[in-house]
Amino acid sequence: MYSPHPTNTGEWLRRHGIRPSVQRVAVMDYLFAHRTHPTVEEIYRALATQIPTLSKTTVYNTLKLLVAQGVVAQIAVDPCGMRFDGDLRVHGHFFCSACGRLYDLFFDSLSELPMPEEGHAVSGVQLCYRGICAECRKRAEGERCEREKDRSNPIKKQ
């Protein structure tokens, strides 16, 4: 279960059955501190300056272990790569196909979601909306308005 950033990440990992290492603690601390649903590449680039011996393979293997132990969620919404989330509270996501940002969506109850027929054992749910975020829509509207002004103005400065 998700908890706020612990005071001792190494001990927190031990409680979840994970032997702490410098790399594992650094990856988990990064996920606690950066709620951006980063990719392996983003985590690697951020941590490689602090841990010069870090490899992308180590980041990948660390994330694989954290997911297997149930302390990190793997999110398959971005066609450019897998994302990771250290927040295990029940929530969904909104993926902006224009800027690639992934937003958290929290809701009160799972009872409104459709459930599979009786007899199935659900081990997880990933709810993801795809579209254009409000910021990208505003930017696109502003660009469209500027183009329309240019077309309606017969006198253009050369």
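Now for a quick tour of the structure.

1. Concerning the pattern of salt bridges
Here's step 1: All chains considered together, the criterion is met by 6 salt bridges.
Here's step 2: Salt-bridge contacts for D87 lead to R35; the nearest nitrogen and oxygen are separated by 2.3 Å. Taken together, the residues D87 in the loop between β2 (81-85) and β3 (92-96) and R35 in the loop between α2 (22-33) and α3 (40-48) connect sequence positions 52 residues apart.
Here's step 3: Owing to a relative accessible area of 1%, D87 belongs among the buried residues under this scheme.
Here's step 4: The network of salt bridges with common partners includes R35, D87, R89 and D104.

2. A look at the layout of surface pockets
Here's step 1: Roughly 440 Å³ of internal volume is contained in the largest pocket.
Here's step 2: A73, L88, R89, V125 and Q126 are, among the 22 residues lining the largest pocket, the residues nearest its centre.
Here's step 3: In terms of residue count, the dominant contributor to the lining of the largest pocket is strand β1 (residues 73-78) (4 residues).
Here's step 4: Considering only residue class, the lining of the largest pocket consists of 13 nonpolar, 6 polar and 3 charged.

3. So, the pairing of β1
Look at any regular strand and the pattern is simple: side chains alternate between the two faces of the sheet.
Here's step 1: Bridge analysis of β1 against β2 gives 4 bridges, and the strand direction is antiparallel. Counterpart to Q74 in the pairing with β2 is F84.
Here's step 2: Connecting β1 to the antiparallel partner β2 that follows it, the hairpin turn spans 2 residues.

4. Considering the packing of α2 against helix α4 (residues 56-68)
Here's step 1: Put simply, α2 and α4 touch, their axes get as near as 10 Å, and they point 70° apart. Here α2 is positioned roughly perpendicular relative to α4, judged by the angle of their axes. In contact with Q23, R24, V27, M28 and L31 of α2, α4 contributes T58, T62, L63, L65 and L66.
Here's step 2: Taken together, the residues of the contact of α2 with α4 sort by class into 6 nonpolar, 3 polar and 1 charged.

5. Comments concerning α4
Here's step 1: For α4, spanning 13 residues, the distance from its first C-alpha to its last is 18 Å, which sits close to the expected 18 Å at 1.5 Å a residue.
Here's step 2: When we look at burial in α4, the residues that qualify are V59, T62, L63 and L66. Looking down the long axis of α4, one finds its buried residues gathered within 95° of arc, a one-sided arrangement. Of the exposed residues in α4, the ones pointing more than 90 degrees away from its buried face are T57, K64 and A68.
Here's step 3: Packed against the buried residues of α4 are α1 (9-15), α2, α3 and β2.
Here's step 4: Positioned one or two residues after α4, G70 has a phi angle of 80°, which is positive.

6. Overview of a nonpolar patch on the surface
Here's step 1: Taken together, the side chains of M115, V122 and V125 present a nonpolar region at the surface, about 300 Å² in accessible area.
Here's step 2: Secondary-structure assignment places V122 in the loop between β4 (102-105) and β5 (128-131).

7. Here we look at the nonpolar core
Here's step 1: Ranked by internal contacts, the top residues of the largest apolar core, which has 20 residues, are M28, L31, I43, L63 and L66.
Here's step 2: For this core, the secondary-structure elements that each account for two or more residues are α1, α2, α3 and α4.
Here's step 3: Apart from the residues within four sequence positions on either side, M28 is in contact with T9, W12, L13, L66, V71 and V72.

8. Some words on the packing of α3 against α4
Here's step 1: Between α3 and α4, whose axes approach to 9 Å, the crossing angle comes to 120°. As summarised for this structure, α3 and α4 are arranged oblique, according to the angle between their axes. As for the relative orientation of α3 and α4, their crossing is right-handed in sense. When α3 is examined against α4, the residues V40, E41, I43 and Y44 are found in contact with a partner set consisting of K56, V59, Y60 and L63.
Here's step 2: Looking at the contact of α3 with α4, its residues break down into 6 nonpolar, no polar and 2 charged.

The rules behind each value
- Residues numbered from 1 in each chain as written.
- Predicted model: local features only at pLDDT ≥ 70, side-chain atom pairs only at ≥ 80, totals over all residues.
- Heavy atoms only, no water.
- Salt bridge = Lys/Arg side-chain N within 4 Å of Asp/Glu carboxyl O.
- Helix = DSSP H or I, 4+ residues; strand = E, 2+ residues; numbered from the N terminus.
- Buried < 20%, exposed > 50% of the residue type's maximum accessible area, 1.4 Å probe, protein only.
- 1 Å grid on protein atoms, 1.4 Å probe; cavity = no way out; pocket = protein on both sides within 12 Å on 5 of 7 lines; lining within 4 Å.
- Points joined across faces, edges and corners; volume = space filled by probe spheres on them.
- Nonpolar A, V, L, I, M, F, W, Y, C, P; charged D, E, K, R; others polar.
- Pairing = 2+ DSSP bridges.
- Axes fitted to C-alpha atoms, helices over the stretch in contact; angles between N-to-C directions.
- Parallel < 35°, antiparallel > 145°, perpendicular 65-115°, else oblique.
- Contact = heavy atoms within 4.5 Å.
- Expected span 1.5 Å × (residues − 1).
- Arc of directions from axis to C-beta.
- Patch = residues over 30% accessible without salt bridge, like charges linked within 9 Å, V, L, I, M, F, W, Y side chains within 5 Å.
- Areas by Shrake-Rupley, 256 points an atom, 1.4 Å probe, with all protein chains shown as cover.
- Core = buried A, V, L, I, M, F, W, Y, C linked by side-chain atoms within 4.5 Å.
- Left-handed = near helix turned anticlockwise from the far one by under 90°.

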